[in-house]
Amino acid sequence: MSSAFESVNRYVREAARLLGLSDRLEKLLINPDREVKVEIAIEMDNGEIGVFTGYRVQHNDARGPMKGGIRYHPTVNDDDVRALASLMTWKTAIVNIPFGGAKGGIACDPKRMSEAELERLTRRFIAKIHEVIGPYQDIPAPDVNTNAQVMAWIMDEYSKFHGFAPAVVTGKPVDLFGSEGREEATGRGLVYIIEEHFKALGKPIRGTTFAIQGFGNVGSYTALILHELGGKVLAVSDVTGGLYNPDGLDIPALVDFVRRNRTLQGATQGTRITNAELLALECDVLIPAALGDVFTKENAPEVRAKLIVEGANGPTTPEADEIFNQRGITVIPDILANAGGVTVSYFEWAQNIQQFKWDLERVRTELQRVMARAYREVATLAREKHTSLRTAAFLLALGRVAKARAMRGI
Ligand code: NAD
């Protein structure tokens, strides 16, 4: 498979060319500022030593401190983290929050690790990278297989070296300097984007059919909120496979099931389907919300949805993207569609720094405003320049980052 970083850079180069940026500036925008790779040795519960590799890639800080999640997954590698860090630079620019982009991860299999091992792993990782993160330098957040508990350990470990600094990490528990509405933020933001897109088409969410791949943080909240709005979620899936009901699944019951059992395995609703079948389902909107590289040139011709909204980061390979463009399937790109998470992370950071707490209503109102404006800016640019929404999103983002970079001086 081709490099994930190279895939992102194809879009970056295309946007740089359309904007007429110089080669010098393009180089500065592509290459990460700093890459940290550490070996993390911890004692496992059985007394053996486990050694894991951790990464933090800081891509660009022209618009502010760098920001991006930390992922725990066996497939984490330097190329993927680099790609995800770059996407964060463009994402924060699109929603116009004062951050740059970063990403981190540890190659590990958290499903096979105890809570105590995960805590030791997290603390050791932070002990190794604490000098390069900080509230005004680089602020981690949750991503695949990391949650509010992991963020609480990060905050606590960092504070051992630097004193009280809750703004060093976002996505913390609400009772420990976290923000109301952060956990649901990516899913809710994604629904705000769909609402805005539908408004332009004069289409309601009620009665629209959805299929969602991934039933973790992003997938489950997206499904739940769409269900509450009267959307018909026909299928959902996770790493263990999927469930399908042509009349719509009972999403609250499934969310409850997964809260108790961790996966969809054993849920009795609907009929079992594979992830490949889910991606090819007849439905109005398809939402990938699991891992990257889900749509390839092999399966893109099979997709029957009319709209794809990218909850996951990098779910569409450039080859698949071209096929979707040719087939007239609209794709709302990751750097716009899933930016609700980092937006509420920004609200959390601002609340921590001001030592002032917002209520849930304020978080949702501000999130809606930010997402709707970002959607309209990208959609307007796409119309004016006759491009896809993805190209327009990169154009908007690169324009903003390049301007900041140029004003600071090269
Ligand atoms: P998560 O760990 O909470 O959930 C991941 C889900 O994907 C789980 O249901 C898992 O079973 C499923 N999954 C894993 N491998 C799969 C496979 N091979 N096939 C089908 N399903 C599979 O992670 P998350 O935070 O929901 O993140 C999901 C995606 O959204 C990632 O691409 C992430 O980068 C992106 N994202 C997350 C956030 C956030 O705030 N958490 C923000 C923006 C983007």
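You'll find the structure just up there.
**Regarding the site of the ligand**
Thought 1: The local shell around the ligand holds 22 residues, among which Asp143, Asn145, Thr186, Asn217 and Asn313 are the closest.
Thought 2: Separating an oxygen atom of the ligand from a backbone N or O atom of Phe215 is a distance of 3.0 Å.
Thought 3: Interatomic distance of 2.8 Å between a backbone N/O atom of Ala290 and an oxygen atom of the ligand.
Thought 4: Considered class by class, the residues forming the shell around the ligand number eight nonpolar, 10 polar and four charged.
Thought 5: When residues are assigned to domains, the shell around the ligand turns out to be shared by domain 1 (32-168) and domain 2 (185-337), each giving three or more.

**Details of the pairing of strand β2 (residues 49-60)**
Taken residue by residue, a regular strand's side chains alternate between the two faces of the sheet.
Thought 1: Among the 12 residues in β2, 10 count as buried, and that is most of the element.
Thought 2: Bridge analysis of strand β1 (residues 34-43) against β2 gives 10 bridges, and the strand direction is antiparallel. Counted as the bridge partner of Val36 is Arg56 from β2.
Thought 3: The turn linking β1 back onto β2 is made up of five residues, and Gly47 within it adopts a positive phi angle of 90 degrees.
Thought 4: Pairing of β2 with strand β4 (residues 100-107) involves seven bridges; the strand directions are antiparallel. Paired with Tyr55 across the two strands is Gly105, which belongs to β4.

**Quick word on helix α10 (residues 318-327)**
Thought 1: What α10 keeps buried is the set Pro318, Ala320, Asp321, Ile323 and Phe324.
Thought 2: In the core, the buried residues of α10 are packed alongside α1 (4-19), β11 (307-309), β12 (330-332) and α14 (389-408).

**Digging into helix α2 (residues 23-30)**
Thought 1: Buried residues of α2: Leu25, Glu26, Leu29 and Ile30, and no others. All buried residues of α2 lie within an arc of 135 degrees about the axis, which places them on one face of the element. Exposed side chains of α2 directed beyond 90 degrees from the buried face belong to Asp23, Arg24 and Lys27.
Thought 2: Of the surrounding secondary structure, the elements contacted by the buried residues of α2 are α1, β2, α3 (78-94) and α14.

Rules used throughout
Residues numbered from 1 in each chain as written. Predicted model: local features only at pLDDT ≥ 70, side-chain atom pairs only at ≥ 80, totals over all residues. Heavy atoms only, no water. Near = heavy atom within 4 Å. Polar contact = N/O pair within 3.5 Å; in protein donor to acceptor, adjacent residues only side chain to side chain. Nonpolar A, V, L, I, M, F, W, Y, C, P; charged D, E, K, R; others polar. Domains from an automatic or database assignment. Buried < 20%, exposed > 50% of the residue type's maximum accessible area, 1.4 Å probe, protein only. Helix = DSSP H or I, 4+ residues; strand = E, 2+ residues; numbered from the N terminus. Pairing = 2+ DSSP bridges. Contact = heavy atoms within 4.5 Å. Arc of directions from axis to C-beta.

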